[in-house]
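# Notes for the structure review
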Amino acid sequence: MMSNDLEAEADIMCCASCGITKDEFEYELVPCWVCNFYLVRYCSEKCHEDHRPHHEALCKERVLRNEILFRQPESTHLGDCPICLLPMSTGLGKSMIQSCCSKTICDGCSHSHYLHQRQQRLDRTCPFCRHTVPKSKEEANKNNLKRIEANDPVALRKIGMERYHEGNYENAFEYLAKAAELGDIQAQYYLGRMYQKGEGVEKDEKKGLYYLEEAAIGGHPEARYSLGSREWKNDLVERSMKHYIIGANLGHDMALKVLKECYKWGDVTKADFAGALRGHQAAVYARKSPQREAAAIFQATQAGNVR
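Residues numbered from 1 in each chain as written. Predicted model: local features only at pLDDT ≥ 70, side-chain atom pairs only at ≥ 80, totals over all residues. Heavy atoms only, no water.

### Some words on the pattern of salt bridges
Pairs can form between side chains of opposite charge whenever their charged atoms are close. What the rule picks out here adds up to 11 salt bridges. Two residues, Asp152 and Arg147, come together in a salt bridge whose shortest N-O distance is 2.7 Å. One salt bridge connects Arg239 with Glu231, and the closest N-O pair in it is separated by 2.9 Å. Residue Arg239 is classed as buried on the basis of its relative accessible area, which comes to 7%. By relative accessible area, Glu231 is classed as buried at 4%. One network of salt bridges, with partners in common, ties together Arg62, Arg65, Glu213 and Glu214. (Salt bridge = Lys/Arg side-chain N within 4 Å of Asp/Glu carboxyl O. Buried < 20%, exposed > 50% of the residue type's maximum accessible area, 1.4 Å probe, protein only.)

Shown next as structure tokens:
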């Protein structure tokens, strides 16, 4: 993480050199044109040069950071299903976390395992570790507690999000911070959002940005999309398009939709848009399987029965 001294240097509301505020300046303050870090802005080329000795350390750090940030991840943060080894789908209800082993199993493998056990009249077990499925919420909570005591990042993130939805933001932050420290990418994304909104922690734009970037580097499509939107709002169109292209290649629908509009406006080239479209199609196709299609039909049928 950036040091406190480097974080304290950045300020988007005024020129980092002469201190003129955004409201006092006739034109827009522009970010450093070496590292394009929007949290450090200048009113003129002279101010940029004058402030260079003070900004140089952060500038070099951001240039190296950009190299990592704009690499295309091999997959989303969810990776592959540990059973069928196909890329995990990112939509809601497309996978399930097992409380016994904290493994995330795709809906196709979960449904196939369920059908097999029902046909053979077997006791229900976890598709991965074959541990008996909890018969009550209390039993599932006991499993989660064991995983939490073992410092399992997935279990920590899961209970952190439960606390978040309950409105207990401070407790949620503690669990998510621990999960993020242990490398859980989804926890890093949620932590970034909490820093941005000041939920359970003092609002901190720079720490929020750091955790969003960490999540994006780890393949989190929504984090990538958020960064693209942020760069767009700060008039950093080229950086914004890079984020959206990476997001589209990960199968993010909204990123592709935005790129389509930007292509109409001339903000992205035909070649880049075509490449992102092919990447999106490939990512979506790679997640398909007969088992997952059968699970989707079953879920739709069950939803219809409930109605």
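### Describing the side chain of Arg65
For Arg65, the position within the fold is in helix H2 (residues 45-69). Discounting residues that sit within four places of it in the chain, Arg65 has contacts with Tyr210, Glu213, Glu214 and Ile217. (Helix = DSSP H or I, 4+ residues; strand = E, 2+ residues; numbered from the N terminus. Contact = heavy atoms within 4.5 Å.)

### Some words on the packing of aromatic side chains
Aromatic rings considered in pairs are described by the distance between their centres and by the relative angle of their planes. Taken as a whole and assessed by the stated rule, the structure comprises nine aromatic pairs. Ring centres of Phe173 and Tyr195 lie 5.4 Å apart, and the angle between their planes is 90°; this geometry places the pair in the edge-to-face category. Here the residue Phe173 occupies a position in helix H6 (residues 169-181), and Tyr195 occupies one in helix H7 (residues 185-197), the gap between them amounting to 22 residues. Classification of Tyr195 as buried rests on a relative accessible area of 9%. On the basis of an interplanar angle of 80° and a centroid distance of 5.2 Å, the ring pair of Tyr210 and Tyr211 is categorised as edge-to-face. Tyr211 matches Tyr210 in its accessibility class, with the two residues each being buried. (Phe/Tyr/Trp six-rings, centres within 6.5 Å; stacked < 30°, edge-to-face > 60°.)

### Let's talk about the confidence of the model for the protein chain
Chain-level statistics for the protein chain give a pLDDT mean of 90 and a share of 95% at 70 or above. Here residues 1-11 is a poorly scored stretch, pLDDT under 50, and it has 22 contacts once near neighbours within four places are set aside; other chains count. (pLDDT = per-residue confidence, 0-100.)

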